[in-house]
Each structure stands twice: as C-alpha cells, then as structure tokens.
Amino acid sequence: MRDPQIVEAELVEISAIGDDLTKLERILAWSLAHPDELAFALRYFSGRSDRLGEWAREHADRS
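Residues numbered from 1 in each chain as written. Predicted model: local features only at pLDDT ≥ 70, side-chain atom pairs only at ≥ 80, totals over all residues. Heavy atoms only, no water.

Student: For the overall build of the chain, give the residues involved together with the corresponding values.
Tutor: When helices and strands are counted, the chain shows four helices and zero strands. Helices (α) and strands (β) of the chain occur, in sequence order from the N terminus, as α-α-α-α. Residues counted as buried form 25% of the 63 residues belonging to the chain. Here the analysis covers contacts within the chain between residues at least 6 apart in sequence; of these, 47% occur between residues at least 24 apart. On the chain, roughly 4,500 Å² of surface is accessible, and the fraction owed to carbon and sulfur atoms is 54%. (Helix = DSSP H or I, 4+ residues; strand = E, 2+ residues; numbered from the N terminus. Buried < 20%, exposed > 50% of the residue type's maximum accessible area, 1.4 Å probe, protein only. Contact = heavy atoms within 4.5 Å. Areas by Shrake-Rupley, 256 points an atom, 1.4 Å probe, with all protein chains shown as cover.)

Encoded structure:
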C-alpha cells in the first residue's frame, strides 16, 4: 500500500466532487487502479478515518 497520506489526499479530492455520477466514476476508476487499498477507502468513506495511518501500517503486510 502507498503512503496513507497520499491515499487519503486522493480520497478527499474524490469526495469533494459535487456531481454524483462523476464522483461514482472516479471512485470506480480509483478502485480498479488501487484494489489493494479498497479496505482503506471503505474505512475512510464510512467515517472511520481516525487513525487510518496506524490501521494501514498494521495491515500493510497482509495479503
């Protein structure tokens, strides 16, 4: 997994998109490009973003 701050910045950018269809398209494209980071994104979008960096480090070694 990439640096959690970079991933979070990308997710913040996507979540700021106003048009729902465009946002959905970006989420799908991002998910296809970074399938190993989906669990991180789900935690972020579900509002459980506290300590995401810690969570990412704990799960970085898992396949």
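Anyway, onward from the coordinates.
Student: Outline helix α1 (residues 4-15), listing residues and values.
Tutor: When the terminal C-alpha atoms of α1 are compared, their 16 Å separation across 12 residues agrees well with the 16 Å that a helix rising 1.5 Å per residue should span. Turning to α1, its buried residues number three or more, namely P4, V7, L11 and I14. Within α1, the buried residues cover an arc of 90° as seen down the axis, which keeps them to one side. Taking the backbone nitrogen of Q5 as reference, a side-chain oxygen 3.1 Å away marks D3 as the first, capping residue of α1. (Expected span 1.5 Å × (residues − 1). Arc of directions from axis to C-beta. Polar contact = N/O pair within 3.5 Å; in protein donor to acceptor, adjacent residues only side chain to side chain.)

Student: Give a description of the pattern of salt bridges that names residues and reports values.
Tutor: Counted according to the given criterion, the structure contains three salt bridges. Residues R2 and E10 are paired through a salt bridge, measuring 2.8 Å at the closest nitrogen-oxygen approach. Looking at R2, the relative accessible area reads 27%, which means it is partly exposed. For E10, a relative accessible area of 22% translates into the label partly exposed. Put simply, R2 and E37 hold a salt bridge, and the shortest N to O gap is 2.8 Å. With a gap of 35 residues between them, R2 in the segment before α1 and E37 in the loop between α2 (20-33) and α3 (38-45) connect regions that are remote in the sequence. When salt bridges that share partners are traced, they join R2, E10 and E37 into one network. (Salt bridge = Lys/Arg side-chain N within 4 Å of Asp/Glu carboxyl O.)

Shape is all these values report; function is a separate question.
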